[in-house]
Every structure is written in C-alpha cells, then in structure tokens.
Amino acid sequence: MGVKFIPPPIPSPLKGEGFGFYENFVIFKNPEYQVMPKMKSNRGAAKRFTRGASGKFKHRQSHRSHILTKKSTKRKRQLRSIVAIHDSDQKAIARMLPYS
C-alpha cells in the first residue's frame, strides 16, 4: 500500500494573498463555467516579432546596431527595412506568440 498523494489546499480569494501556482486558474464549483488557464507568450519573441496585415510575422534586420562606420551607406540603408520571417519559421513563432 503506497502513500496517497494529497494536493495542496487552494487558497481562498478572500484572504488577499498571492495565488502562486493557481493564479492562472479560475475555480468554480459548476464545471460548466470553468475557464482554461491563459497561455504565456514568449517574452523575447514578443519583443522581436510582430504579425503583419497578411498574417505573417515580420522582424527588424540584424547588423544595424553598432560598428556602423565600416558599413557602406547602401548596406545600412538596405538593412533599415522590416522583412517577413521565412515560411519555414512561421509556425514556430506562432507557437511562441499564441495571442498575436
């Protein structure tokens, strides 16, 4: 006979203390009203990628933040543009940003 697992008690919302693990859950007695927890966005991806009007993700190009004196004006000008993410990476970024 093994040891029976007893889950930790769920804190009452009336106590005014932090919910910790349970903060993403809304608890109702009636299962018809239960809400699934929210998914978290990858914060690094949220700062780098945005969804365009066509539905594809776009990003800012690299190599344009420092050591600019050795780069030609033409090269720096072409790096200004915002470009779409390659089609093979769209699915991975969509998984990291579920609500964008």
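Residues numbered from 1 in each chain as written. Predicted model: local features only at pLDDT ≥ 70, side-chain atom pairs only at ≥ 80, totals over all residues. Heavy atoms only, no water.

With that settled, consider the overall build of the protein chain. If you tally the helices and strands in the protein chain, you get three helices and three strands. Each helix (α) and strand (β) of the protein chain, taken in turn from the N terminus, gives the series α-β-β-α-β-α. Burial status across the protein chain gives 13% buried among its 100 residues. Expressed as a percentage of contacts within the protein chain between residues at least 6 apart in sequence, the contacts between residues at least 24 apart total 47%. Approximately 9,200 Å² of the protein chain is accessible, and the part contributed by carbon and sulfur atoms is 58%. (Helix = DSSP H or I, 4+ residues; strand = E, 2+ residues; numbered from the N terminus. Buried < 20%, exposed > 50% of the residue type's maximum accessible area, 1.4 Å probe, protein only. Contact = heavy atoms within 4.5 Å. Areas by Shrake-Rupley, 256 points an atom, 1.4 Å probe, with all protein chains shown as cover.)

Judged by nonpolar contacts, Ala45, Phe49, Phe57, Ile85, Ile93 and Leu97 together constitute the single largest core of six residues. Setting aside chain neighbours within four positions, we find Ala45 in contact with Met96 and Leu97. (Core = buried A, V, L, I, M, F, W, Y, C linked by side-chain atoms within 4.5 Å.)

Attention now moves to the pairing of strand β2 (residues 57–60). Pairing analysis gives three bridges linking strand β1 (residues 49–51) to β2, with the strands arranged antiparallel. Paired with Thr50 across the bridge in β2 is Lys58. Hairpin connection from β1 to β2: five residues lie between these consecutive antiparallel strands, with Gly55 at a positive phi of about 100°. Relative to strand β3 (residues 82–84), β2 is paired through three bridges, and the arrangement is antiparallel. The residue bridging His59 from the neighbouring strand is Val83, located in β3. (Pairing = 2+ DSSP bridges.)

So, on to the side chain of Lys71. Among the secondary structure elements, Lys71 is positioned in the loop between β2 and α2 (73–78). One polar contact links the side chain of Lys71 to the main-chain carbonyl oxygen of His63, over a distance of 3.0 Å. Contact partners of Lys71, with chain neighbours within four places excluded, come to His63, His66 and Lys76. (Polar contact = N/O pair within 3.5 Å; in protein donor to acceptor, adjacent residues only side chain to side chain.)

One non-glycine residue with positive phi stands out, namely His63, at about 70°. One non-glycine residue with positive phi stands out, namely Ile67, at about 55°. Along the polypeptide, Ile67 turns up in the loop between β2 and α2.

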